[in-house]
Amino acid sequence: MLAREVHVTGYGLVAPMALNAQALFTRLCEEQSCIRAHPLFVELGFANTAAGYLDSQQWQAIYAALEQPCGGQPRQAALAQYVAEQALQHAQFDRQSLAKPRSGLFIGANKYCASAQELDVVSQYFDAHGRVDLDAYLDHPSSQREPFAWRVDQQTQHLADYLGVGQHIATHADACAAGTMAIGSAYRAIADGHLDIALCGATELMANELPYYMFSSLGALCAKGDWPADTQSRPFMRDRCGFVLSEGAAMLVLESREHAERRQAVSLGRVLGYANLCEAEKMTSSSRDGSKYALCMQAALADAGLTPGEIDQVNLHGTSTAVNDSCEALALEQVFADHLAQLQLTANKSAVGHSLAGSGAIEAVLSLQSIAHGVQLPTLNYHADGAQYPHLNLHAQVQTQTVNTVLSNSFGFGGINSAIVLGRA
Amino acid sequence: MSPATSAIAISGAGCVLATGWGSAALWQAAQQAQSGISALDSPLLHSRKIPTYGQISAATHQRSLADLAPNLRRYSTPAVVWGVSALQQALNEAQLEPANSPLRFGLYCSQGGYTHPALDAYHELLRECRQAHGLDAVQLSRRVLRDNALNPFLVLTSLSNGLPGVASLNLQLQGECNAFMQGVSGNLAALRTACEALQAGRVDVALVLAAGSELDPLALAKLAHGGAISHNGNAHYQPFDANAQGAIGGDGAVALVLRRQADLPAGPHVTLDALDGHADFARLPLPQAPDVLWCSSRAQPNDDRALCASLRRIAPKQISASQGLTGCLSGAPSLVDVLLARRSLEAQCVPAICGLEQPVANDLPLARQRSTPAVLRRAAVLNRDSNGFSACYHLTYHPLSA
């Protein structure tokens, strides 16, 4: 069976300092960062307090705007519902539109952490031997609060209930590649004829202290506390030294061409191809020659039936860590060769931060907007004079150019790589 | 329902569970109705309210470690170790070596893990930073960020895709890969994606792997208050029993190797024919009159009676359950039942429900007392998760299929 065309007919997004996709796109076009000092990190005395985070005003707006209150659900479920409602409204669907057998829900997420205070409550029940008196802890009110709040699939379950989605329900947990892999899996399910419509994307709420401790202990975060918060993530620069932790969510409505045409939906773009490959190289980094990243990009292009010369723009994973950016730069050279000079590149994480699972979904939405508006988004903090790879076509300022096709990369810890090809409708 | 365009056969299986190392140990325990649930024994906690658990023994863990490359152990939680070992067992049965095979492999994983981080990662730091008024959070941040007091590999052992990460490295497996969370919905997503990859021809071999452990104070407390496990001092898991006192947790890993049936040599095969799932159990399509149904039970009599009302409508010829053997698995709740359904089809035998003494419904064929030979052609698996998600699988035995 020939693969069916898969169209994007709606999307929704929440990112730090942006409550919808247009607000984030405008902010980036105006070269404004979403990174700032995190009040919690200030309170805890971190030397480096930079993060992208959803602030209390955003949370108030999210809860106030929900079409139906989601009482008793954890905040990731509220965020997922808010973004899903945006995406469905954008696609001109109502809440019941996905309540049919050939619809699916593909949501990326990683883990939801206890806070240090929650750990502290448990630690009050250590006995003299350092073992927790579980019976006493079970009686503490905090142990009884929101028992499902930390389930990684809880937002997916909530959305499935809320939207009436039945059969195809998946929580993708592929670390930093999860958002792209959720979209790619939805694309495949529609292209292969299993589904007609899908809501896909990711939610991530990791901008708090325990994830910060973990990534910092590994040396993955920028540790330059004396650099202004909005200048810390510097993809492909010589002085790059790690990413800035962030959070957010984005979701897309995907439909088969036939389904979209039947209801006369406006297509906002297409998913043209996708690849996901584990590379069995290392847990935290790829092959230093870039070959494994290149393999994944080439597989996505092959799936799309496109040559490298037919790609206009690459939305880079671009974490601003030394190894990731180096591998990605080398991979670009292998995949695009002579076309690299004409290829537009953008790395959004320097402005938005690294929202892990959320990043691939957020960057997919930004890529679709770039196609719609003919824009190469700026890579904040990139300067030609300090660039390690000056032949890469990155810019700190917004560029206006026709964009018909975008390859968007997401590479994750655990050695999982993914790439998706998006195109004009 | 997802009709298969080409039949998908289970060509290998492996497990590490409270019943021991390997599917032979699980099947033997099932046939003898011998529970692997034992007194909860943990260096992290003690409890009278949760006195027992489906725990992996030290000997089983040591045996599992032998299948994991030494350089990967620092990245591996116990659940990942068990997962790697279960996968190796499944590959052995399927007679496959990914590193030396021209076939295209895909890896589809579902990970348990209810709470994060595991308390033991912060155990010593919390004790150190605890003052008379409570935790000194600023001191904790200093110890971690200034003194590097936290295990630098914590982020890797905490990864939601640590299982496929380590498993792929252990096998030097390059190819399509997905990680899902969690429980029943994660198992369904992994199995469904694997089947679709085989049917689409993207892979020739689909490795489906699920693992999890909840032996952590935070996790057990959340599971208890969420109603997934009992915390009333109950020591026995009694599925479908009128005197049952609730569920008991369990750890472990299960792996399956899936192939297109057409690619396999002639011989008896068990195929996985349909997969269904729904966030609302009432709307889950159920199979009519399977020869044997492996059905999860929460061991709460009223809940089991309500479940039995649904089961009456589909008229299964025999009903068995695995939770009395292993405890309620967070990582592989469906895979363990698919494994047992396959074994019962191959053995033409229905094991009794371990722990069942006084059935909640006498009019249903709940398997009791002893393992029973039977002519079995169609099996089904029915699982319900504590958060409401449910899944159903259909399997068929092909005695002489080519």
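Residue positions are counted from 1 within each chain, in the order its sequence is given. Each chain takes a letter, starting from A, and each ligand takes a number, starting from 1, following the order in which they are written. Only residues with pLDDT of at least 70 are given local features in this predicted model, and only at 80 or more are side-chain atom pairs given and counted; all residues enter the totals for whole chains, interfaces and linings. Working from all heavy atoms in the structure, the side-chain values ignore hydrogens and water.

J.: Please explain the overall build of chain A as it appears in this structure.
T.: Helix and strand assignments follow DSSP, with helices taken as H or I runs no shorter than four residues and strands as E runs no shorter than two, numbered in order from the N terminus. Of the regular secondary structure elements, chain A holds 15 helices and 15 strands. Note that the radius of gyration is over C-alpha atoms, with the globule rule given as 2.2 Å times the number of residues to the power 0.38. A compact globule built from 425 residues should have a C-alpha radius of gyration of about 22 Å, and chain A, at 21 Å, falls within 12% of that. Its C-alpha atoms put chain A at 65 × 55 × 40 Å along the principal axes. Counting every position in chain A, which comprises 425 residues, the buried fraction comes to 69%. Contacts are assigned to residue pairs that have any heavy atoms within 4.5 Å of one another. Sequence separation of at least 24 residues holds for 79% of the intrachain contacts in chain A that already meet a minimum separation of 6. In these tables, accessible area is a Shrake-Rupley quantity obtained with a 1.4 Å probe, and a residue counts as shielded only by the protein chains included in the view. For chain A, the exposed surface amounts to about 13,100 Å²; the carbon and sulfur share of it is 49%. Charged residues are defined narrowly, with Lys and Arg counted positive, Asp and Glu counted negative, and His plus the chain ends left uncounted. Here the site of a charge means NZ on Lys, CZ on Arg, CG on Asp, or CD on Glu. Between the mean site of the 25 positive side-chain charges and the mean site of the 41 negative ones, chain A shows a separation of 3 Å. Here's how the labels work: a residue is buried when its accessible area is under 20% of the maximum for its type, exposed when over 50%, partly exposed in between, all with a 1.4 Å probe on protein chains only.

J.: What is the right way to read the overall build of chain B from this model?
T.: Tallying secondary structure elements over chain B gives twelve helices and 20 strands in all. A compact globule built from 402 residues should have a C-alpha radius of gyration of about 21 Å, and chain B, at 21 Å, falls within 12% of that. The burial tally for chain B puts 67% of its 402 residues in the buried class. Within chain B, contacts between residues separated by at least 24 positions form 80% of all contacts whose residues are at least 6 apart in sequence.

J.: Just checking my understanding: could you explain unusual backbone geometry for this structure?
T.: Keep in mind that most residues, glycine aside, have a negative phi and that most peptide bonds are trans. Omega for the bond connecting methionine 181 of chain B with glutamine 182 of chain B falls within 30 degrees of zero, at -15 degrees, which places this linkage in the cis form. Within the secondary structure, glutamine 182 of chain B sits in the loop between strand E9 (176-181) and helix H8 (183-200). Unlike most non-glycine residues, glutamine 92 of chain A shows phi in positive territory, near 60 degrees. Positive phi outside glycine occurs at serine 320 of chain A, with the angle close to 80 degrees. Along the chain, serine 320 of chain A falls in the loop between strand E10 (313-315) and helix H13 (322-336).

J.: How should I be thinking about helix H9 (residues 217-225) of chain B in this particular structure?
T.: Because an α-helix completes one turn every 3.6 residues, residues spaced three or four positions apart along the sequence face the same direction. In terms of residue burial, H9 of chain B counts as a mostly covered element, since eight of its nine residues are buried. The complete set of buried residues in H9 of chain B reads Pro217, Leu218, Ala219, Leu220, Ala221, Lys222, Leu223 and Ala224 of chain B. Where H9 of chain B is buried, its residues meet helix H5 (116-123), strand E5 (132-133), helix H6 (134-138) and helix H7 (141-144) of chain A together with strand E4 (45-46) and strand E5 (52-53) of chain B. Polar contact is the term for a pair of N or O atoms within 3.5 Å; when the atoms are in protein, one must be able to donate a hydrogen and the other to accept it, and sequence-neighboring residues count only if both atoms are side-chain atoms. N-capping of H9 of chain B is provided by aspartate 216 of chain B, with a side-chain oxygen placed 3.0 Å from the backbone N of leucine 218 of chain B. At the exit of H9 of chain B stands glycine 227 of chain B, carrying a positive phi of roughly 85 degrees.

J.: Sorry, what's going on with the side chain of glutamine 232 of chain A here?
T.: Residue and element names in this part refer to chain A. Here glutamine 232 is to be found in the loop between helix H10 (209-218) and strand E8 (248-256). One polar contact links the side chain of glutamine 232 to the main-chain carbonyl oxygen of lysine 224, over a distance of 3.1 Å. The residues contacting glutamine 232, other than those within four sequence positions of it, are Asn48, Ala50, Cys222, Lys224, Gly225, Trp227, Gly242, Val244, Ser320 and Asn381.

J.: What am I meant to see in the interface of chain B and chain A here?
T.: When the parts of a complex come together, some accessible area is lost, and that lost area is often taken as the interface size. Opposite the 87 residues of chain B that make contact, chain A presents 81 residues. In this description, buried area is defined as the sum, over both parts, of the accessible area (probe of 1.4 Å) that is lost when the two are combined. For the pair chain B and chain A, the summed buried area comes to about 7,200 Å², and 59% of that belongs to carbon and sulfur atoms. The largest per-residue losses of area from chain B upon contact with chain A belong to His46, His116 and Lys222 of chain B, which jointly make up 9% of the total buried on that side. The partner of lysine 49 of chain B in a salt bridge is aspartate 139 of chain A, with the nearest N and O atoms 3.0 Å apart. The interface formed by chain B and chain A includes 32 residue pairs in polar contact (both at pLDDT 80 or more). A per-element tally of the side of chain B that touches chain A places H8 of chain B first, with eight residues. In the sections that follow, a salt bridge refers to a side-chain nitrogen of Lys or Arg positioned within 4 Å of a carboxyl oxygen of Asp or Glu.

J.: Just to check I follow, could you spell out the nonpolar core for this structure?
T.: Membership of the largest hydrophobic core comes to 238 residues, with the highest contact counts inside it found for Leu254 of chain A together with Leu258 and Leu395 of chain B. With ten residues, the single largest contributor to this core is helix H3 (residues 78-94) of chain B. Remark: nonpolar core denotes a set of buried residues (Ala, Val, Leu, Ile, Met, Phe, Trp, Tyr, Cys) joined through side-chain atoms within 4.5 Å.

J.: Even after reading the chapter, I still don't get the UniProt feature "domain: Beta-ketoacyl synthase-like N-terminal" (unreviewed entry) in chain B, so can you show me in this structure?
T.: UniProt positions are given in the numbering used here, feature names are shortened, and annotations may be inferred rather than shown by experiment. Those residues carrying the UniProt feature "domain: Beta-ketoacyl synthase-like N-terminal" (unreviewed entry) are residues 7-262 of chain B in this numbering. Across residues 7-262 of chain B, helical content stands at 36% and strand content at 21%; the span's end C-alpha atoms are separated by 7 Å.

J.: Just checking my understanding: could you explain the pattern of salt bridges for this structure?
T.: Where charged atoms from two side chains of opposite charge approach closely, those side chains can pair. Inspection of every chain in the model, using the stated rule, returns 31 salt bridges over all chains. The structure contains a network of salt bridges with shared partners spanning Glu5, Arg257, Glu261 and Arg270 of chain A.

J.: I'm lost on the packing of H8 of chain B against helix H12 (residues 333-347) of chain B in this one. Help?
T.: Pairs of packed helices are described in terms of their axes, by the angle between the two and the distance that separates them. All names here are of chain B. Only C-alpha atoms enter the line fits that serve as axes; for helices the fit covers just the stretch in contact. Angles between N-to-C directions range over 0 to 180 degrees. Between H8 and H12, the least distance of the axes is 7 Å, while the angle of their chain directions is 60 degrees. Taken together, the axis directions place H8 and H12 in an arrangement best described as oblique. Between H8 and H12, the contacting residues are Gly183, Val184, Asn187 and Leu191 on the first element and Pro333, Ser334 and Leu335 on the second. Each residue receives one of three labels: charged for Asp, Glu, Lys and Arg, nonpolar for Ala, Val, Leu, Ile, Met, Phe, Trp, Tyr, Cys and Pro, and polar for the others, Gly being one of them. Residues of the contact of H8 with H12, tallied by class, amount to four nonpolar, three polar and no charged. The scheme is simple: roughly parallel for angles under 35 degrees, roughly antiparallel for over 145, roughly perpendicular for 65 to 115, oblique for anything else.

J.: Any chance you could explain the environment of proline 102 of chain B here in plain terms?
T.: Checked against the element boundaries, proline 102 of chain B lands in the loop between H3 and strand E6 (105-111). Sequence separation between proline 102 of chain B and glycine 112 of chain B is ten residues, and the spatial gap between their C-alpha atoms is 32 Å.

J.: How should I be thinking about the environment of leucine 159 of chain B in this particular structure?
T.: Positionally, leucine 159 of chain B belongs in the loop between helix H6 (154-157) and helix H7 (162-171). Along the primary structure leucine 159 of chain B and arginine 260 of chain B are separated by 101 residues, whereas in three dimensions their C-alpha atoms are 31 Å apart. Beyond its immediate sequence surroundings of up to four residues, leucine 159 of chain B is in contact with Lys111, Ala175, Met283, Phe413 and Gly414 of chain A together with Gln111 of chain B.

J.: Help me out: how do you make sense of the pairing of strand E19 (residues 378-384) of chain B in this one?
T.: Within a regular beta strand, the side chains point alternately toward one face of the sheet and then the other, so they alternate between its two faces. Residue and element names in this part refer to chain B. E19 sits mainly inside the fold: six of its seven residues count as buried. Sheet topology places strand E14 (residues 292-295) next to E19; four bridges connect them, and they run parallel. Among the inter-strand pairings, leucine 293 is bridged to a residue of E19, identified as alanine 380. Strands pair, by our definition, only if DSSP identifies at least two bridges between them. For E19 and strand E20 (residues 390-398), the ladder comprises seven bridges, and the chain directions are antiparallel. Along E20, the bridge assignment pairs leucine 382 with cysteine 392. Joining the antiparallel neighbours E19 and E20 is a turn of five residues, in which glycine 388 adopts a positive phi near 105 degrees.

J.: Would you mind going over helix H1 (residues 23-32) of chain B with me for this structure?
T.: Residues and elements named next belong to chain B. When H1 is considered as a whole, its buried residues turn out to be Ser23, Ala25, Leu26, Trp27, Ala29 and Ala30. Summarising the contacts, the buried residues of H1 are in contact with strand E1 (8-17), strand E2 (20-21), H3, helix H11 (323-326), H12 and strand E17 (349-350). Following H1 by one or two positions, alanine 33 adopts a phi angle in the positive range, close to 50 degrees.

J.: When you look at the packing of aromatic side chains in this model, what are you seeing that I'm missing?
T.: A ring pair, where both rings are aromatic, is described by two values, the distance of the centres and the angle of the planes. All names here are of chain A. Whether two aromatic rings pair depends on their centres lying within 6.5 Å, for rings of Phe, Tyr and Trp, where Trp uses its six-membered ring; planes under 30 degrees apart make the pair stacked, over 60 edge-to-face, and the rest tilted. Applying the stated criterion across every chain, the model contains eleven aromatic pairs over all chains. Ring centres of phenylalanine 46 and tyrosine 212 lie 4.6 Å apart, and the angle between their planes is 40 degrees; this geometry places the pair in the tilted category. Of this pair, phenylalanine 46 sits in the loop between helix H2 (39-43) and strand E3 (50-51) while tyrosine 212 sits in helix H10, and the two are 166 residues apart along the sequence. Phenylalanine 46 gets classed as buried once you look at its relative accessible area, which sits at 6%.

J.: Please clarify how the state of the cysteines should be interpreted in this entry.
T.: A covalent bond bridging the sulfur atoms of two cysteines is what the word disulfide describes. Count a disulfide wherever a pair of cysteine sulfur atoms falls within 2.5 Å. Scanning the entire structure with this criterion turns up zero disulfides over all chains. The cysteine cysteine 177 of chain B is free of any disulfide, with cysteine 278 of chain A supplying the nearest cysteine sulfur at 4.3 Å. What makes cysteine 177 of chain B buried here is its relative accessible area of 3%. Residue cysteine 328 of chain B stays outside any disulfide, its sulfur separated by 12 Å from that of cysteine 295 of chain B, the closest cysteine. Take cysteine 328 of chain B: its relative accessible area is 30%, and that puts it in the partly exposed class.

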